[in-house]
Each structure stands twice: as structure tokens, then as C-alpha cells.
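Spelled out from the first residue to the last, the chains are:
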Amino acid sequence: MKSTLIMAFLALAVAGFTLATKDLDTPEDKIKLAKSGRVDQQVMLAGDNTANAGSGQPVDLQKLADHIQATAPSAVLSDRPNTQQPAAATPSTETVAQAAPQPTTAQPAQQAPAQQPAQTQATPSAPKVDESALRYFASRGDKARLQAEITRLQTLYPNWTPPADPLAVPQNSDKQLENMWQLYSEGHYAEVRKAITDRQTAETGWQPPADLLDRLNIAESRTRLVNASDLKQYATVIEIGAKTPSLLTCADIDVLWRVAEAFIRTDRAARGQDAYKYILRTCTNPQERLATIQKAAALLPYQPMQDLLALEKPDGNGAKEFDSIRLDLARRFVAQGNDDAKLTVSQDYLSQVERAARSQGLASDDSLLGWYYLRRSNYADAEQWFRAAHEKEDTAAISQGLALVLIADKKPQEAEDVMYKWRNESKDAMATYLAATANLMALQPPPSLSEEVLGRIAGEIVKQKYVPTAQQLGWFARSMNQPQVAARWFETALRWKPDDEPSAYGLAITRNQLNDRAGVAEVQRLWAGRSQRIAVLGEPTPRTQISAPLPSPNQVVQQVPQTTQPLPQPGALQAAPQVVYETAPQQPAAQPYQNTQINTQPAAPARRAPTTEYVEPAPRARAVSRAPRQPSGCTTTSSAELLTPSSALSRGWCLMNINRPMEAVEAFGVALNNSDAKSREEAAYGQSLAYLRAGLANNAAVAATKAPMNHQRAAELQVAILSDRALAAFSAKRYQEALLYLDQRAQLQQERTDLMVLRGYSYLNLKMYDDAERIFTAVAATGSRDGSRGLRDLMLALHPQAGDY
């Protein structure tokens, strides 16, 4: 009954293959690998050379080996042409299963039963089986092929019983056929074809055994498939596999690997993944399954590999079959995460690599983790692992990763030092080094660098013609009060990149500082219509006092005659000027705050006569104008938290008018909760002004970021903040820092006379007498008594006994 069922199943499979292949258009559509774990038991036997021979009488291989020992050749023949196999043992060509199809294969592994000559199946109970191959392999002592042949014949002929001792079967009397089998076993397929043709020519009517022809066709197809795979002709690999489905079984795992790779290399990764799944669901050889995962991991991305690893089985010892390569897989997956910042690798894999990094001490593991965290902007962890790797092994790749982390962590000086010796290793290494230099020269306050470091940076920048660092060297030279050097760097940057506007502006203000009027005019001519700040450079800025009280909301701006008062000499520092902050006048327009000036002087404003008053802007749409509200509405103390955002905004401006800036800060903070973007902008702007009025420049800078502002307001606030910081630094006797803030402010707006006086006294206190004289002389030339006073103080510093200037 069992035999009848198996024969019926085989017949149905052959018919199914014939119908299925009629409608398949492409080779890849013909290869349908199993997607479930249901596998016919006979196919499993055919795919495993070590399996029992099935329902027939088993072969006593030990007895057979003893018998063969005296008669077999010293070497076991092998016909496998491929030598590029993994360490795992794989079946030989003869172990290709001539078996029934899988339930999801849609085609049989072999059509031999339907094509077998009638004389080989005389009756179901006593089939006539071609045992020539069986006898040949037995005579050669090839136990593996002998067992595979027994399995194959049992699959094709279920009623056939293998002989207990194949060597006891009478030997082939056909010496020519024996020679053909020998040529076949040695892989000389062309010679086999020639021998068959020669015999058919000599002996009319002679036909070779069907088994020999089937095996020859399969072996030749396999050879072509392997050659095509080695030559990377992947389309041919798929085509041959489609035409020879009997190759696609566990008996020849190498062919399945090659077909899977061909699918992946031709951008059909899902089909390749199906091939690997077929192996893991069907094939049982542990070494082959392990090698399958290794091959798949080299070709498939992270997520498909997780699907394959889900098919892992226990190894019978309380572990899993892929545990031996688990760490290698974790390293590979973390490396894939380094290539794709959007890929989130499981924490289990990260933990495995971290444990290995600590226990095995390999710098490569530390570096792997460093790159993974760097790609995800986790700079703290990235720096930890890169430093660990750098301590173990200083390489270009490790140094580059560490330098990138240091740059991101605002440590460019250390990054430059780390990358300098590796800068010429690659284009990426040079790019990293140059980025470190640009960030280093842009540090504020400027770093203290040795002549050696400055020299090597300058030399490399000139060699690479790197504009960003050349420009930053110009600003650095200005901060060091070396305007001639700064001008040369700006000129160099413009030669390399003529459209670099920051370098052009730096050159213009530096030439202006050097009183090179012709040079300034030349820069303005070249940048006419392209840079507003370059165009207005050198134009006189009317002096505007800005400490007037704020009017009530919606009050029309009124101009008040300016009262000029001499600037008193401060008492905090001898010969230091009293600084009055100013901003350039704004052109009248319909936009709010066009006539609003910033008061950054922390002292009481009563000393100076106002010229321009603050005014709260009107709302976007207002049908009728209302009478001005008086500031008396905010004279009483109350909590701004109880007000609506719009009411808090009005109260904030009211409090600014009566010079209560810290209460105004609170009111503007409530007004920031307004859903209207314009109102939020006004609240942030007002809060910044309030902080500046209170002398808290840093707080003002933070407040300015709480809502987007238009360019005019942002620039206005930045100028005022830098002015306030310069005054604070001067008052704290940090003269170098004061000069730095003045330089930054000068990049945004032309320096006013009072700030030039502040600069001159900073130079004087730093004993930079030539620069101090140049500044005071320029101020005195405008008729300012502060300039004359500065020159007198300079002469007193140079000649204490000479008397007044």
C-alpha cells in the first residue's frame, strides 16, 4: 500500500511539473523554492548522505569498507569541479536527488520515472533497475556515492531492494560501459559524450543506459552553472537552475547557495532570501546550515537576516545551532548600522559587541561601537569608545572617528592634534583635518596656539586651498590685532573663492581699519549690489542716544532735539571712557519697530537726553485708532501670570516705559504663550530689550531665540548684546575679551566713536601703544574731546614724567 501511494505521488508530481512549466516565462519564475517546513521523507533521505537507505535492507558499510580495503584504489575519486566550498562537507555531484517535488516547489526534482525504459520496470514487485552505477561505485570503494546511489534508486523504485553486498553482484561484462562510468566519475563529461557517440557509430542500435545519460546531463548543467557563477554571469545561473530543477536540492547545497547569490546580485533579494529559507527549512546538515547563515549574512541586509535567524534550531546541548557565529553576526549588524544611520540594531547585538570589546580588548570592536554612536549623534558614548580604541591602536580610521566626535563636542584643538599625522591618509582624513582647523580658528575667545601649530595649519591650508580656514585665520589675526596679516588671509581666501562674501567683508573692514580708503572702495566696487554691509561701510552713522523712557502703547514716535554732552571719564578704570551705546538709524516705514532703538546701558538713563522713544507696535489689523494709554496702568505691582498673553505684552511695554525691566521680563515671558506668531516675536524682542536694560546680556541672547525674528531685529539685538558684553568685559578688566566682542560687533555694524574710544583704552591697558595711538588719533580727528583725552593718557603712560600732552 505504501509503495502504491508513493508511485502515485510521483506520477502526480511529474504531471504537475509539465503543467506548471508551460506558463512560466522567466527562469527565475521557474525556480520556486519551498516556503514551508513540509518536506517529503524520501527527499530528506536523498538530501542527506548519512541517512539510512529507506525501507529496504540497510547496507553494512563497515563490512563493506573492510571488504573494499583490499580491492579499492588508494584514492577515492571525486567528480566535484568546484573547490570554493566552505569548511562544511557538502555532497558530491552524484548525490543530486532524483526525487519527488516539494509541496511548494511547483516542479519535480527529476522526471526519470516517467522516462525510464519499459524494460526497467517489468513488474511492480520485481522492477528491473539499472545497477551499473551501483556496481561501479562499489568496485571503486566510493562509499559516499554508493550510499547516495542506493538512496536514489530506492526513491525511484520503492519496491527495489538493494543488495546486501554490492560487490557480490556480478561485475559489468561491458568493459566499454565500465570505461564510460569511469570517465564520468572523473568529471570528463566531454569524453563520455565522445565514447557514447563512437560506440553508437560502431554498434548500430546500441543505446547507453538512461541513468548514465540523466546523470551526464545533470553533471554538465551543474558545471555550466558553477562556471557562470564564478564568472559572475548571474542571469545564466538562474536560467540553468530553472532548466535543471533536480540540482536544487539539499543534496547539492552549493548550487542552492549560488542560485541564492544570483538572485541577490540581480536585485531580487527577496528571491535570494527565499532560497536561504528553503535550505534552513529543509536541509538538516548542521555544518551546511551554519555555512548558509554565513553566506546569507555577507549578502543580505539586517532585517532579512533576522527572518532567517528565526529559523534557528536548538543544538541538543541546551544552546542554539548558530551560537558559534553569534558574535561575528553582531559585529556585522553593528557595521551595517554604521552605514545606515536610520537602522536601529537590536540592543542584544550591541551588548554582545560591548562585552567582546571589554573582554577581548580589540580596538576594532571599540571603533565599531564608536562609529555606531557617532552616526546617531550620541557623542558621549562615541567619544568613550573611540578613546578606548585610540589608546589600543592609533589608526587613521580610529583617529578620524575620534576627531569628528571632538569637533562635535567643541574640542577642535584636540581634534586637529589627533588628525594631523593622518591627514594625508585619504580624502576623508584630509576633510576631517580641515574641518578641525576651521572649527579651531573659529573658537571664541580665540585659543592660545603655539607657533608650531599655527605654522602647520597655515601650511596645510595653503596647500589644500581651503577657504573656510583661510577666512577664519583672517578673523583670528584681527582678534590678535594683526590687521596686515588678516588682510592677506582675506585676500588669499578671495583668490581661491571670489564669491566668498564673509572674506570680502573681512577684507573691507580690515582695510578700513588700516585707513586704506582706496582698498575699501575697490572692495565696494566689486561687491556693489551683492552685499549691503560692504556697500554702507565707511558711511557716517548719526549719533543717537537711546536711553529714553518708553511711551505708552501706540504712541506716535516723537523726535526730540539732541543734547550733546561730553563723555565723562569713568572712575572704575583710569583713562577709560564712559561708553554710550548707539545703533544706526532706521529708515521710516510702515513696519513696527522701525524707529525703535536698543538701550543696552545698564545704568540709569537720566544722564542723557533722549532723541528717540520706544513705541509698542500696533496690531496687524486695527479698524480705528485708540487713544494712547498712559503708563499709570502698570505702576501698581501685580502678577503677570494672571494676565492674558496680549495683556501681558502691553504691560511689558508699559513697565519698560517706567524703567522696571525685571518686571517687564516676567510680563513678556507670559506674552510668549500667545498663539500668534507676530505677538510671540514682539514678546521675545521685548524680553531681550528688558534683559539688556537690566545689564543681563547673556539672558538677552537666550530670550532672542525664543521666537523667530526678522533679520533686522536679530541683527539689532546681536549688535546691542555684543556692545554690552564688550563694556562688561572692559569693566572687569578683561581687555582682550572686550576687543574680541568689539571685533565681532564691527563685522555687523560700523564701529561708533564711543566704542572706538573703548577699543583705544583696551589697547592702552594691554600696553599696545601703537594701536592705541592710531585709534585715539582717529577719534580726535573727528573733533571728539574723548580722543584728545585718550592721547593725553597715552602720553602719560609712555612718559610718566613728561607732563600733560
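Refer to the structure above for everything that follows.
Residues numbered from 1 in each chain as written. Predicted model: local features only at pLDDT ≥ 70, side-chain atom pairs only at ≥ 80, totals over all residues. Heavy atoms only, no water.

A few words now on the overall build of the chain. A count of helical and extended segments in the chain gives 37 helices and zero strands. Here the chain holds 805 residues, and 50% of them are scored as buried. A separation threshold of at least 6 residues defines the contact pool for the chain, and within that pool the share at least 24 residues apart is 65%. Working note: accessible area of the chain is about 37700 Å², and carbon and sulfur atoms make up 52% of it. (Helix = DSSP H or I, 4+ residues; strand = E, 2+ residues; numbered from the N terminus. Buried < 20%, exposed > 50% of the residue type's maximum accessible area, 1.4 Å probe, protein only. Contact = heavy atoms within 4.5 Å. Areas by Shrake-Rupley, 256 points an atom, 1.4 Å probe, with all protein chains shown as cover.)

Another aspect to go through is the pattern of salt bridges. This structure, assessed with the given rule, holds 36 salt bridges. Among the salt bridges present, the one from Asp 252 reaches Arg 222, with a minimum N-O distance of 2.4 Å. Of this pair, Asp 252 sits in the loop between helix H11 (234–243) and helix H12 (253–265) while Arg 222 sits in helix H10 (residues 210–230), placing them 30 residues apart in sequence. Salt-bridge contacts for Asp 417 lead to Arg 456; the nearest nitrogen and oxygen are separated by 3.5 Å. (Salt bridge = Lys/Arg side-chain N within 4 Å of Asp/Glu carboxyl O.)

Moving on, we get to the packing of helix H8 (residues 175–185) against helix H9 (residues 189–202). Where H8 contacts H9, the axes come no closer than 8 Å and their chain directions differ by 160°. Relative to H9, the element H8 is oriented roughly antiparallel. Of the two possible hands of crossing, H8 and H9 adopt the one that is left-handed. Residues Gln 176, Leu 177, Met 180, Leu 183 and Tyr 184 of H8 form the contact with H9, whose participating residues are Tyr 189, Glu 191, Val 192, Ala 195, Ile 196 and Arg 199. Of the residues belonging to the contact of H8 with H9, the class tally is eight nonpolar, one polar and two charged. (Axes fitted to C-alpha atoms, helices over the stretch in contact; angles between N-to-C directions. Parallel < 35°, antiparallel > 145°, perpendicular 65-115°, else oblique. Left-handed = near helix turned anticlockwise from the far one by under 90°. Nonpolar A, V, L, I, M, F, W, Y, C, P; charged D, E, K, R; others polar.)

What follows concerns the side chain of Asp 793. Secondary-structure assignment places Asp 793 in helix H37 (residues 785–798). Separated by 2.6 Å, the side chains of Asp 793 and Tyr 761 make a polar contact. (Polar contact = N/O pair within 3.5 Å; in protein donor to acceptor, adjacent residues only side chain to side chain.)

We now examine helix H20 (residues 396–408). Under the 1.5 Å per step criterion, the end-to-end length of H20 is 18 Å for 13 residues, consistent within 8% with the ideal 18 Å. Taken across its 13 residues, H20 has 10 buried, putting it largely inside the fold. Every buried residue of H20 is accounted for by Ala 396, Ile 398, Ser 399, Gln 400, Gly 401, Leu 402, Ala 403, Val 405, Leu 406 and Ile 407. One or two steps after H20, the chain reaches Lys 410, where phi turns positive at roughly 60°. (Expected span 1.5 Å × (residues − 1).)

According to the stated counting rule, one finds 12 aromatic pairs in the structure shown. Between Tyr 372 and Tyr 373, the ring centres sit 5.6 Å apart and the planes meet at 80°, which makes this aromatic pair edge-to-face. Tyr 372 sits in the buried class, given a relative accessible area of 4%. Note on Tyr 373: relative accessible area 11%, which makes it buried. Taken together through their ring pairs, the aromatic side chains of Trp 181, Tyr 184 and Tyr 189 make up a single cluster. Above the face of the Tyr 420 ring, Arg 456 is positioned so that its terminal group lies 4.3 Å from the ring centre. Of note, Arg 530 hangs over the ring of Trp 527, and the distance from its end group to the ring centre comes to 3.9 Å. (Phe/Tyr/Trp six-rings, centres within 6.5 Å; stacked < 30°, edge-to-face > 60°. Lys NZ or Arg CZ within 6 Å of the ring centre and 35° of its normal.)

Turning our attention to the nonpolar core. Core analysis: the largest hydrophobic core is formed by 82 residues, its most contacted members being Tyr 276, Ile 293, Met 305, Leu 308, Phe 333 and Val 345. At nine residues, the largest contribution of residues to this core is made by H12. Residue contacts for Val 345: discarding those within four places in its chain leaves Tyr 302, Phe 333, Val 334, Gly 337, Leu 350 and Tyr 372. By size, the runner-up hydrophobic cluster in this structure holds 29 residues, among which are Val 665, Ala 667, Ala 707 and Met 709. (Core = buried A, V, L, I, M, F, W, Y, C linked by side-chain atoms within 4.5 Å.)

Across the nine residues that make up helix H6 (residues 132–140), a large majority, seven, are buried. Three or more residues of H6 are buried, namely Ser 132, Ala 133, Leu 134, Arg 135, Tyr 136, Phe 137 and Ala 138. Gly 141 sits one or two residues past H6 and shows a positive phi near 75°.

What follows concerns unusual backbone geometry. Of note, the amide linkage connecting Gln 444 to Pro 445 takes the cis form, showing an omega dihedral of -5°. Along the chain, the position of Pro 445 falls in the loop between helix H22 (427–441) and helix H23 (451–464). Unlike most non-glycine residues, Ser 377 shows phi in positive territory, near 60°. Of note in the backbone geometry, Lys 465 takes a positive phi value of approximately 55° without being a glycine. Tracing the chain through its elements places Lys 465 in the loop between H23 and helix H24 (467–479).

Another point: the environment of Gln 200. Within the fold, Gln 200 resides in helix H9. Excluding residues within four positions of it along the chain, Gln 200 makes contact with Trp 206, Gln 207 and Pro 208. Side-chain polar atoms of Gln 200 contact the side chain of Gln 207, separated by 3.5 Å.

Two numbers describe how helix H17 (residues 347–360) lies on helix H18 (residues 363–375): the axes approach to 8 Å, and their chain directions differ by 140°. When the interaxial angle is binned, H17 and H18 end up oblique. The way H17 lies across H18 gives a crossing that is left-handed. Each of Leu 350, Val 353, Glu 354, Ala 356, Ala 357 and Gln 360 in H17 lies in contact with H18, whose residues at this interface are Asp 365, Asp 366, Leu 368, Leu 369, Tyr 372 and Tyr 373.

Time to look at the environment of Glu 393. Within the element layout of this structure, Glu 393 appears in the loop between helix H19 (379–392) and H20. In this structure Glu 393 comes out as partly exposed when scored by relative accessible area, which is 41%. For the pair Glu 393 and Leu 362, spaced 31 residues apart in sequence, the C-alpha separation works out to 8.8 Å. Contact partners of Glu 393, with chain neighbours within four places excluded, come to Ala 363 and Ile 398.

This part is about the environment of Ala 219. With respect to the helices and strands, Ala 219 occurs in helix H10. Exposure remark for Ala 219: the relative accessible area of 1% places this residue in the buried category. When the C-alpha atoms of Ala 219 and Tyr 184 are compared, they prove to be 8.9 Å apart, with 35 residues separating the residues in sequence.

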